[in-house]
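Residue strings, one per chain:
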Amino acid sequence: MGEGAGIGSAQEAANDELVLAFGRLQGAAGRLEYLLGGAIEEEFGISHLMYEVLLIVGRAGGAGMSMRAIAQERVLTTGGMTRLVDRMEVAGLVVRADDPADRRGKLVRLTARGEDIVVRASRLHVENIRRHFLAPLPEEAREQFMECLRILSHSARDALPRLR
C-alpha cells in the first residue's frame, strides 16, 4: 500500500499533512517571490528571473556560461532561455561570445552594467531576505532551515532529466 492510500475524499486530500506542507512551501515561495522580486523590479527595472540569471552567470565568473547550463539551473527550456537572454542582451546586461569548447555554442557573460545591477540589486535583496525570509523564523532554526532547503534543492535538481 503506497503513501497517501488512506485518502478517500477531496476533503481528506486537502487536509493531508504532506499535501498541506507542500502547499505551504509553494505558497510561501510564491508570496516571497512577489515581495522580493517586486522590490527588485521596482528599484532596478529587471524581473526576478533576470536577476537570478545575472546571479547564475556571475557565479560562473568571467569565462561565462553556456545557454544550456543556464537553462538547466533555472529549469527552463533552451528556447525560453534564449528569449530571456535576448531581452537581457538588448537591456545591456549580458553579452554572448563564441564558446571555444563548442564551435556552435555561445557563452553568456555579464556586461559592466549587468555586474553593477546584480551587485546593487543583491544589496537590496539581502535586506529583504533577512526581513521576510529569516526574521519570521526562530533564530535557533534558521541555519538548519537553510541547510534543509539546500538539500531539497539539490535533490530535486538531481532528479530532473538533463537538458539535451
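Let me sum up the structure you'll find in this document. Everything numeric in this text was worked out from a predicted model, so none of it was measured.

With that settled, the discussion passes to the environment of Arg-24. Examined against the element boundaries, Arg-24 turns out to sit in helix H2 (residues 17-44). Distance from Arg-24 to Leu-84, taken between C-alpha atoms, is 29 Å for residues 60 residues apart in sequence.

Turning our eyes to something else, we now look at the sheet that holds strand E2 (residues 94-99). Spatial ordering of the open sheet is given by E1-E3-E2, a layout of three strands whose pairing is antiparallel. This sheet does not close on itself; its edge strands, each paired only once, are strand E1 (65-66) and E2. Strands E1, E2 and strand E3 (102-110) of the sheet are contacted by helix H3 (residues 48-60), whose axis makes an angle of about 110° with E3.

Counted according to the given criterion, the structure contains six salt bridges. Note that Glu-89 is salt-bridged to Arg-96, the shortest N-O span being 3.1 Å. Assessed through its relative accessible area of 32%, Glu-89 is described here as partly exposed. Each of Asp-86, Glu-89 and Arg-96 takes part in one network of salt bridges that share partners.

Okay, the nonpolar core next. Grouped together as the largest cluster of nonpolar side chains are 23 residues, with contacts concentrated most on Ile-46, Leu-54, Ile-70, Met-81, Met-88 and Leu-93. If sequence neighbours within four positions are ignored, Ile-46 has contacts with Ile-40, Glu-41, Tyr-51, Leu-54, Leu-93 and Ile-117.

Turning next to helix H4 (residues 67-74). What H4 keeps buried is the set Met-67, Ile-70, Ala-71 and Gln-72. On its buried side, H4 packs onto H3, E1, helix H5 (78-90), E2 and E3.

Here we come to the pairing of E3. The sheet contact formed by E1 and E3 spans two bridges and is antiparallel. Among the inter-strand pairings, Met-65 is bridged to a residue of E3, identified as Val-108. Bridge count for E2 against E3 is six bridges, and the pairing is antiparallel. Along E3, the bridge assignment pairs Asp-98 with Lys-106. Between E2 and E3, which follow one another and run antiparallel, lie two residues.

Cut-offs applied
Residues numbered from 1 in each chain as written. Predicted model: local features only at pLDDT ≥ 70, side-chain atom pairs only at ≥ 80, totals over all residues. Heavy atoms only, no water. Helix = DSSP H or I, 4+ residues; strand = E, 2+ residues; numbered from the N terminus. Pairing = 2+ DSSP bridges. Contact = heavy atoms within 4.5 Å. Axes fitted to C-alpha atoms, helices over the stretch in contact; angles between N-to-C directions. Salt bridge = Lys/Arg side-chain N within 4 Å of Asp/Glu carboxyl O. Buried < 20%, exposed > 50% of the residue type's maximum accessible area, 1.4 Å probe, protein only. Core = buried A, V, L, I, M, F, W, Y, C linked by side-chain atoms within 4.5 Å.

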